[in-house]
Amino acid sequence: MVNISFLYSLKGINDRAVIVYLYLNDRANKDGICWPGINTIAKDLKRSRSTIKRAIHELRELDLIQTEQRFRPNGAKSSLEYRLSRPIHF
């Protein structure tokens with residue numbers, strides 16, 4: 001059985017942050033890295049972009065994820081790269 005109780009035991013974590021963390025974990029590779037766009041996350045979770053952004057901010061503050069801006073070959077911004085500090089392997 002997989003233990004995700006560390007998520008629930010974090011003081012003050014919001015349910016939106018838990019949902020986004022589990023979503024990112026589901027999309028992550030074996031190294032705990034993924035790069036879905038904000039619009040994709042919002043659409044898949046049926047939440048607003050601002051809700052997703054708040055959750056990502058909260059996850060960063062709790063040191064559950066690190067993010068890095070990615071860029072296209074022409075220099076335009078692409079989606080963020082998300083690195084989970086505690087990936088859950090189901």
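See the structure printed just above.
What counts as what
Residues numbered from 1 in each chain as written. Predicted model: local features only at pLDDT ≥ 70, side-chain atom pairs only at ≥ 80, totals over all residues. Heavy atoms only, no water. Helix = DSSP H or I, 4+ residues; strand = E, 2+ residues; numbered from the N terminus. Expected span 1.5 Å × (residues − 1). Buried < 20%, exposed > 50% of the residue type's maximum accessible area, 1.4 Å probe, protein only. Contact = heavy atoms within 4.5 Å. Polar contact = N/O pair within 3.5 Å; in protein donor to acceptor, adjacent residues only side chain to side chain. Arc of directions from axis to C-beta. Core = buried A, V, L, I, M, F, W, Y, C linked by side-chain atoms within 4.5 Å.

**Focus: helix 2 (residues 15–27)**
- An ideal rise of 1.5 Å per residue puts 18 Å on 13 residues; helix 2 measures up with 19 Å between its terminal C-alpha atoms.
- Inspection of helix 2 places Ala-17, Val-18, Val-20, Tyr-21, Tyr-23, Leu-24 and Asn-25 among the buried residues, and these make up the whole buried set.
- Residues of helix 2 that are buried in the fold lie against helix 1 (5–9), strand 1 (33–34), helix 3 (38–45), helix 4 (49–61), strand 2 (65–71) and strand 3 (77–84).
- Between a side-chain oxygen at the N-terminus of helix 2 and the backbone nitrogen of Arg-16 the separation is 2.9 Å; the capping residue is Asn-14.

**Regarding helix 4**
- Over its 13 residues, helix 4 runs 18 Å from end to end, which matches the ideal 18 Å to within 8%, given 1.5 Å per residue.
- Those residues of helix 4 lying buried are Thr-51, Ile-52, Ala-55, Ile-56, Glu-58 and Leu-59. Down the axis, helix 4 shows its buried residues gathered within 160° of arc, on one side only.
- Elements that come into contact with the buried residues of helix 4 comprise helix 2, helix 3, strand 2 and strand 3.
- One or two positions beyond helix 4, positive phi appears at Asp-63, with a value near 60°.

**Brief notes about the nonpolar core**
- Of all hydrophobic cores here, the largest spans 26 residues; its most connected members are Leu-7, Val-20, Tyr-21, Leu-24, Ile-52, Ile-65 and Tyr-82.
- Every element with two or more residues in this core is listed here: helix 1, helix 2, helix 3, helix 4 and strand 3.
- A total of six residues in this core trace back to one element, the largest contributor, which is helix 2.
- Apart from residues lying up to four places away in sequence, Ile-65 is in contact with Tyr-21, Leu-24, Ile-56, Leu-59, Arg-60, Tyr-82, Arg-83, Leu-84 and Ser-85.

**Examining the environment of Val-20**
- Here Val-20 is to be found in helix 2.
- On the accessibility criterion, Val-20 (2% relative accessible area) is buried.
- Spatially, the C-alpha atoms of Val-20 and Ile-52 are 7.2 Å apart, while their sequence positions differ by 32 residues.
- Excluding its chain neighbours within four sequence positions, the residues that come into contact with Val-20 are Leu-45, Ile-52, Ala-55, Ile-56 and Leu-59.

**Quick word on the environment of Arg-86**
- Its place among the elements puts Arg-86 in the segment after strand 3.
- Looking at Arg-86, the relative accessible area reads 44%, which means it is partly exposed.
- Measuring from C-alpha to C-alpha, the distance between Arg-86 and Ser-5 comes to 12 Å, with 81 residues separating the pair along the chain.
- Each residue touching Arg-86, except ones within four places of it in the same chain, is listed here: Phe-6, Tyr-21 and Leu-64.

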